[in-house]
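Structural overview for review
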2 protein chains.
Amino acid sequence: MSIFDAPGDGGEPSSQVAFAGNSLDRRSEHRDDDCLEQALALPGARVFAIGDGRVFLRKSGDGFEALHGIDDVQQFDPDMDNAVLLGFAPGEAPRIAAHVRLDPEQLPDSVKAIDNRSIYIQGLVRGDELGQMAQAASLVSWARSHAHCGVCGGVTRPTAGGYRRVCTNCGKLHFPRTDPVVIMLAVDTQNERCLLGRSPHFPPGMYSCLAGFLEPGETIEDAVRRETLEESGIRIGRVRYHASQPWPMPHTLMIGCYGEAVSTDIKIDEREIEDCRWFNRAEAEALLSRQTGTDDLNSPPPGAIAHHLIRDWLKLAAS
Amino acid sequence: MSIFDAPGDGGEPSSQVAFAGNSLDRRSEHRDDDCLEQALALPGARVFAIGDGRVFLRKSGDGFEALHGIDDVQQFDPDMDNAVLLGFAPGEAPRIAAHVRLDPEQLPDSVKAIDNRSIYIQGLVRGDELGQMAQAASLVSWARSHAHCGVCGGVTRPTAGGYRRVCTNCGKLHFPRTDPVVIMLAVDTQNERCLLGRSPHFPPGMYSCLAGFLEPGETIEDAVRRETLEESGIRIGRVRYHASQPWPMPHTLMIGCYGEAVSTDIKIDEREIEDCRWFNRAEAEALLSRQTGTDDLNSPPPGAIAHHLIRDWLKLAAS
């Protein structure tokens, strides 16, 4: 068996979640001081326009279009001084992210400002472009939350196509931030039941995997065990990584794992979750088949890594 | 085969690297506003003293001791206002991290200020305590680089035992930062050779795995493919996660993976690395057996995740 084979191998799990599949050529080693300026001058340059966490989408036929031409984006009052060069689509076509300042109330009917989560759940932007949009939203959010230097409070200015910010007072260099979150499906030792919980802010009836931020000084596996124990009282032994997902709310990396539960008695932390329970395979199958928004118990939408963790476990357990 | 079995399973790889195995009870859901104050009053409270990236170690017999009593630490001029409650050792024994301002030149002979990297390479602090020290160093570094608010430049103050910082001007809440880095061993399709490179800042003769920061909007697997391609010109197909490692320089999560090389011709990016080459199994074995500091080619030290990636590949390939 090759080191790269996995049980029940059906392709790379990380390539099958929403926001994955961003194929831009980032050229991360070649972000010179003038790379953004040069990119803006190329005829294929297109801009993602993001205002306070909402993406400005143009109506196009029955659907939406997330990319705007350099001239078109001007109507949204973009902050081009703090724009970020994301990378290049085929044909030397730069993709750029910019914060826009126009009040969404003043948008023409042909443009809608929609939050990332709704765009992904409703499938308004698809595939590769959804991944680019995640990159854009994460970087715009990061740039805006690093307008000042954390060390001295000085004003920062962008460099390296917006991928770095340097303090104009003390010179400290700031890099984009990505927050690792562990999200895990605990499975009992008989491989018959999985553990799902619900947070008070979930839509009605939705149950999902437990999750939490990885903390400084932790391995991924230790974070899985700590978060599961803290939230549910369940002890986890072995941990297996399954898939990862970029999550642009605001700039997170979801790290999806399976955890082998070595205890069964649930004791929830009511500060974190409002319920947690074991689902057998049939119950988990039923959960996946139901859409959010019904009265019944339901699961996260198909693009969510939690959905994939449950679905892929059911496939593996049945094989 | 269970979902939790891995080929050549010899226990959890992440538990075998340096800085792992931190068993403090973090009680992350119970960090109230006065938890640090309460912890400092407990008789078992001990402090990690960290000044500008160097840890103050007390000589103790033939070795060193990293923890100081509350009274003892005063001689180092600790900034207790910005201290962080890491968690609890058995027996309700709080572990605390504090930045200390005493010039290391003025330390008594019984105390040495030593950087994290030297502590780990020389094995001056061991096992569980080394992991706690990594957590301490990461959080002190984070707190100091977030003394001001990135949004408005205002002064921040700690809350939740130092695990949050809140802006006294705009109220923005700041959370600890952990930077995910992918570090990968590319292996050829015959499973006979692995790809190692050297950065100009490595010790003489040292070759190691390629590595780089995961960027916003990337999966772990995409980051492995991008970084390998950018640095070495080698294309990677399948990726398999192997292990993770907390890396307190300053607050990084190393994510160790194997990558299946689908091309063989190396073309290095000279901005990043000064050499990169294929090593067959015998050459990789020889590399691991040599200590850094000799004239021969050598590998990262045994605690490094890169060392484990090479060693575990050799074991798997031989099995």
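A few words now on the pairing of strand β1 (residues 46–51) of chain B. Residues and elements named next belong to chain B. With respect to burial, β1 is a largely interior element, five of its six residues being buried. Here β1 pairs with strand β6 (residues 93–99) via five bridges, running parallel. Pairing of Arg46 across the sheet is with Arg95, part of β6. As defined by bridge partners, β1 adjoins strand β4 (residues 67–69) across three bridges and the pair is classed as antiparallel. For Arg46, the partnering residue across the bridge sits in β4 and is Gly69. Connecting β1 to the next strand, strand β2 (residues 54–60), in antiparallel fashion are two residues, including Asp52 with a positive phi near 50°.

All names here are of chain B. Spatially, β8-β9-β10 is the arrangement adopted by the three strands of the open sheet, whose pairing is antiparallel. Because the sheet does not close on itself, it has two edges, and the strands there are β8 (156–159) and β10 (173–174). As paired elements, β8 and strand β9 (residues 164–167) share four bridges and run antiparallel to each other. By the bridge assignment, Arg157 is partnered in β9 with Val166.

Right, let's get into the packing of aromatic side chains. Residues and elements named next belong to chain A. Tallied over the entire structure, the rule returns eleven aromatic pairs over all chains. The interplanar angle of 85° and the centroid separation of 5.7 Å between the aromatic rings of Phe19 and Trp247 together place this pair among those described as edge-to-face. Within this pair, whereas Phe19 is found in the segment before α1 (35–40), its partner Trp247 is found in strand β14 (residues 236–247), the two being separated by 228 residues in sequence. Residues Phe19 and Trp247 agree in their burial class; the two are buried. The structure contains a cluster of three or more aromatic residues connected by ring pairs, namely Phe19, Tyr120 and Trp247. Here the basic side chain of Arg27 rests over the ring of Phe88, its NZ or CZ set 3.9 Å away from the ring centre.

For any two helices packed against each other, one specifies the inter-axial angle together with the distance between the axes. All names here are of chain B. Axis separation between helix α5 (residues 281–289) and helix α6 (residues 305–318) bottoms out at 10 Å; the angle between their running directions is 140°. The angle between α5 and α6 falls in the class oblique. Viewed along their axes, α5 and α6 form a crossing whose handedness is left-handed. In contact with Arg281, Ala284, Glu285 and Leu288 of α5, α6 contributes His307, Ile310, Arg311, Trp313, Leu314, Ala317 and Ala318. In terms of residue class, the contact of α5 with α6 is made up of seven nonpolar, one polar and three charged.

With that out of the way, let us pick up the sheet that holds strand β10 (residues 173–174) of chain A. All names here are of chain A. The strand order β8-β9-β10 describes an open sheet built from three strands, whose pairing is antiparallel. Two strands in the sheet have a free side with no partner beyond their single neighbour: β8 (156–159) and β10. Inspection of the sheet shows strand β9 (residues 164–167) paired to β10 by two bridges, in the antiparallel sense. By the bridge assignment for β10, Arg165 is matched with His174.

Time to look at the pattern of salt bridges. On inspection of all chains with the given rule, the structure shows 41 salt bridges over all chains. Between Asp222 of chain A and Arg225 of chain A there is a salt bridge, and its shortest N-O distance comes to 3.0 Å. Separated by three residues within a single helix, Asp222 of chain A and Arg225 of chain A lie in helix α4 (residues 220–232), roughly one turn from each other. Salt bridges sharing common partners tie together Arg26 and Arg31 of chain A together with Glu215, Glu218, Arg226, Glu227 and Glu230 of chain B.

When chain B is fitted onto chain A, the two copies agree to an RMSD of 0.0 Å after a turn of 180° and an axial shift of 0.0 Å. Interpreted geometrically, this transformation is the action of a two-fold axis. For chain B, the minimum C-alpha distance to the rotation axis belongs to Gly153 of chain B and amounts to 2.0 Å. The overlap is high: 100% of the interface residues of chain B also sit at the interface in chain A, so the same surface is used on both sides.

The rules we used
Residues numbered from 1 in each chain as written. Chains lettered and ligands numbered in written order. Predicted model: local features only at pLDDT ≥ 70, side-chain atom pairs only at ≥ 80, totals over all residues. Heavy atoms only, no water. Buried < 20%, exposed > 50% of the residue type's maximum accessible area, 1.4 Å probe, protein only. Helix = DSSP H or I, 4+ residues; strand = E, 2+ residues; numbered from the N terminus. Pairing = 2+ DSSP bridges. Phe/Tyr/Trp six-rings, centres within 6.5 Å; stacked < 30°, edge-to-face > 60°. Lys NZ or Arg CZ within 6 Å of the ring centre and 35° of its normal. Axes fitted to C-alpha atoms, helices over the stretch in contact; angles between N-to-C directions. Parallel < 35°, antiparallel > 145°, perpendicular 65-115°, else oblique. Left-handed = near helix turned anticlockwise from the far one by under 90°. Contact = heavy atoms within 4.5 Å. Nonpolar A, V, L, I, M, F, W, Y, C, P; charged D, E, K, R; others polar. Salt bridge = Lys/Arg side-chain N within 4 Å of Asp/Glu carboxyl O. Least-squares fit on C-alpha atoms with pLDDT ≥ 70 in both.

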